Every structure is written in C-alpha cells, then in structure tokens.
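# Observations on chain architecture
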Amino acid sequence: MNIADEIRSRGLSIMKFGESAREAKWFDLGIPCVNAVFGSLKGMPLGRIVGIRGGESYGKSALAYWLGGIFQKKGGLVFLADEEASFSPDWGEVLGLQPNDSLFLITTGSKQVVEGGKKKSAPEALEDLLLKFEYIVQLLNEEAKDVPALIIWDSVASTLTRKELEGEYDNEAIAEKARVLSRGLSKLHNVLVPSNVVLLFVNQLRAKIGTYGPSSNTMPGGRALLYYTSVLVEAARTAKRVGYIVCKAENKKNKVAPPFKSFSFKIDFSSGIIDVK
C-alpha cells in the first residue's frame, strides 16, 4: 500500500521527502569564511531572518552595510531601515553600499491619525515598521521574485512600540517590544519563507540586572526574536589601533548549518572592511 497516496485520498496534503520538496535557496557572499558564519558554505540562506548583535562600536552596522554592498554587487536589492537615524551616505559608500537604483531607504517619519475628531501627526512605531517589511516582501514576491534582496533593520533596540511612543517617560512597558515582535514576526516569517529576501537585523547587547558571568548579557526584543532568527552572529572588537579597529564575527546560532564558526576583519576608517579571514 502506498501510504502517501492513501493519505492524499483522504484530503490531506503530504509528500515524500525529496519528492518535490522546496529546495533551500542561498546567496553566495563570495568569501567562504563569511558564508560559513552567515549560513553555510553555500552562502546566506534566503527567505530567513538573520541577526547581528554586539556591544557599542563593535562593527555591527558596518558589517551589515558591507553585506548590503555585496548584495548590490551581485545584482541584488538592498532596503535600509535606519531607525537610529545615524546612516551616513559617505560612510556607507566607504563600506561598499552604492548610492544607485538598487539601494532604498525605508523612511520612518510620521503618519496622520485621528484623535478626538481631529487629525494630528504621530511618529511611526515598531508595528508600522513590521507592516512595511511585510509589504516589501510581498511586493518583491509579486514583481521581482527571482531577485535576491536584503532588508537591513538598524536597529531593533532603537525601534519603539506604539505604547512606548505614546506613554510618558516614567511609564513602564515591560516586555512590550517582545510581545509585539512575537506577534509580528510570526506573520512576517510566513511571508519571508517562500521569498528570496533576507531580513537582517542589528541589535545591541544589554547587561542583565543582578547576573554575572558569560550569560549576563541579553538583547532587546525578547526570546521571540531569537526563536525566529535562523542565523545569529555576534560582533566583538578585539583590538583598537590608529586608523582602524580589528573585529571578530562569531556564529552563535545556526539552523541551516553547524554553528560557532567565526572570522576576523578590520574596519579601516578610510577604506572600509578589509583583511577578512
């Protein structure tokens, strides 16, 4: 008896492994050690959420911009959500981002809302940004399905929820960002999977209150962000010199290949990322 045919005859969708299963899609970054850290030796996995975390001035944003430049050079599209309002076109160009038709800035300004029968301007929140990501992925699926794309979200920590934006400074919003991300990423993940888009987020490391040792750090966004992340890379600065810094990127989580691979690189303040090994 063919078990698969029997199950199909009862109206259930099933297939044998390898019969017509969706093949994993990869974007070759061109450097084997970078491929291994951000996915597998085949490249970065498309249709996934990838993250870079680290302390301040550890090269997180520089690494993200550099990866965006690689996408552009290989015919891909790059969308940048600069939530920290710190993006410099000149510095981005040094790191490899090209100011041409393949680079798009996701604006995060204000929107018109009605309150008390009157229109007023309100800043956009995390909920609005997640909807923009979802719309971009859906549009690319319809209009440019075969074109690889990278969405850079810089950063999670600086993106406020609607409750945080509308509240007072002394109002507590414990785990509010984690709750919003838990709901939003579950929707976004389903849209991402069949696409050729990578959502690359940048996040900060924060100290846990009252804890010590190697597990004393955490990052904004809660566990939902970690659960939906297929590849998580941690950036660290290992040396500081005149004119450049030496950094290390280490894989901390990998759902698509063996984890814990690493590579080192220099961020030269005049020529960008060099000496990747």
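Above this text you will find the structure in question.
Scope of this entry: the structure provided in the associated data block.

Thresholds, definitions, all that
- Residue numbering note: each chain is counted from 1, following its sequence as written.
- Totals for whole chains, interfaces and linings use all residues, but because this is a predicted model, local features are given only for residues with pLDDT of at least 70 and pairs of side-chain atoms are given and counted only at 80 or more.
- No hydrogens and no water enter the side-chain calculation; it runs on all heavy atoms of the structure.
- For helices, the fitted line uses only the C-alpha atoms of the stretch in contact; every axis is such a line through C-alpha atoms, and the angle between N-to-C directions lies from 0 to 180 degrees.
- For the purposes of this entry, the term helix denotes a DSSP run of H or I that reaches at least four residues, the term strand denotes a run of E that reaches at least two, and both are numbered from the N terminus.
- Angles below 35 degrees are treated as roughly parallel, those above 145 as roughly antiparallel, those between 65 and 115 as roughly perpendicular, and all remaining angles as oblique.
- Contacts between residues were defined by any pair of non-hydrogen atoms, one from each residue, lying within 4.5 Å.
- Residue classes follow a fixed rule: Ala, Val, Leu, Ile, Met, Phe, Trp, Tyr, Cys and Pro count as nonpolar, while Asp, Glu, Lys and Arg count as charged, and any other residue, Gly among them, counts as polar.
- Salt bridges are defined as contacts in which a side-chain nitrogen from Lys or Arg sits within 4 Å of a carboxyl oxygen from Asp or Glu.
- The buried label goes to any residue with under 20% of its type's maximum accessible area, the exposed label to any with over 50%, and the partly exposed label to all in between, with areas taken from a 1.4 Å probe on protein chains only.
- Only when DSSP finds a minimum of two bridges between them are two strands counted as paired.
- Given a helix with a known number of residues, its expected span is that number minus one, times 1.5 Å.
- In these notes, a set of buried Ala, Val, Leu, Ile, Met, Phe, Trp, Tyr and Cys residues joined through side-chain atoms within 4.5 Å is what counts as a nonpolar core.

### Some points on the packing of helix α5 (residues 126-143) against helix α7 (residues 176-192)
Each pair of packed helices can be summarised by the angle the axes make with each other and by the distance between the axes. At a minimum axis distance of 10 Å, the contact between α5 and α7 shows a crossing angle of 5 degrees. Taken together, the axes of α5 and α7 lie roughly parallel to each other. For the pair formed by α5 and α7, the contact residues are L126, E127, L130, F133, E134, V137, Q138 and N141 on the first element and K177, V180, L181, G184, L185, K187, L188, V191 and L192 on the second. Grouping the amino acids of the contact of α5 with α7 by side-chain chemistry returns ten nonpolar, three polar and four charged.

### Let's talk about the pattern of salt bridges
Enumeration over the complete set of coordinates arrives at seven salt bridges. Of the charged contacts in the structure, one is a salt bridge between K132 and E124, with a shortest N-O distance of 2.8 Å. A salt bridge links K187 to E134; its shortest N-O distance comes to 4.0 Å. Of this pair, K187 sits in helix α7 while E134 sits in helix α5, placing them 53 residues apart in sequence. Overall, K187 belongs to the partly exposed group, its relative accessible area being 46%. Taking the relative accessible area as the measure of exposure, E134 reaches 14% and is therefore buried.

### A few points about the pairing of strand β4 (residues 77-82)
Across the six residues of β4, six count as buried, placing the element largely inside the fold. Residues L77, F79 and A81 line one face of β4 and the alternating positions V78, L80 and D82 line the opposite face, and both faces are buried. Looking at chain direction, β4 and strand β8 (residues 149-154) are connected through six bridges and run parallel. Paired with D82 across the strands is D154, a residue of β8.

### Concerning helix α3 (residues 60-73)
The end-to-end C-alpha distance of α3, which contains 14 residues, comes to 20 Å, matching closely the 20 Å that a straight helix rising 1.5 Å per residue would cover. In terms of residue burial, α3 counts as a mostly covered element, since twelve of its 14 residues are buried. Listing the buried residues of α3 in full gives K60, A62, L63, A64, Y65, W66, L67, G68, G69, I70, F71 and Q72. Where α3 ends, the next residue or the one after it, G75, has phi of about 90 degrees, a positive value.

### Structural notes on the nonpolar core
Of all hydrophobic cores here, the largest spans 38 residues; its most connected members are L29, F38, M44, L63 and L67. Considering each element in turn, this core owes the most residues, eight residues, to α3. For L29, the residues in contact, after removing those within four places along its chain, are V34, N35, F38, M44, L67, I70, F71 and K74.

### So, unusual backbone geometry
Backbone torsion omega between D154 and S155 reads 10 degrees, so that peptide bond is classified as cis. Along the chain, S155 turns up in the loop between β8 and α6 (162-166). Positive phi outside glycine occurs at S57, with the angle close to 60 degrees. Relative to the helices and strands, S57 is located in the loop between β3 (49-54) and α3.

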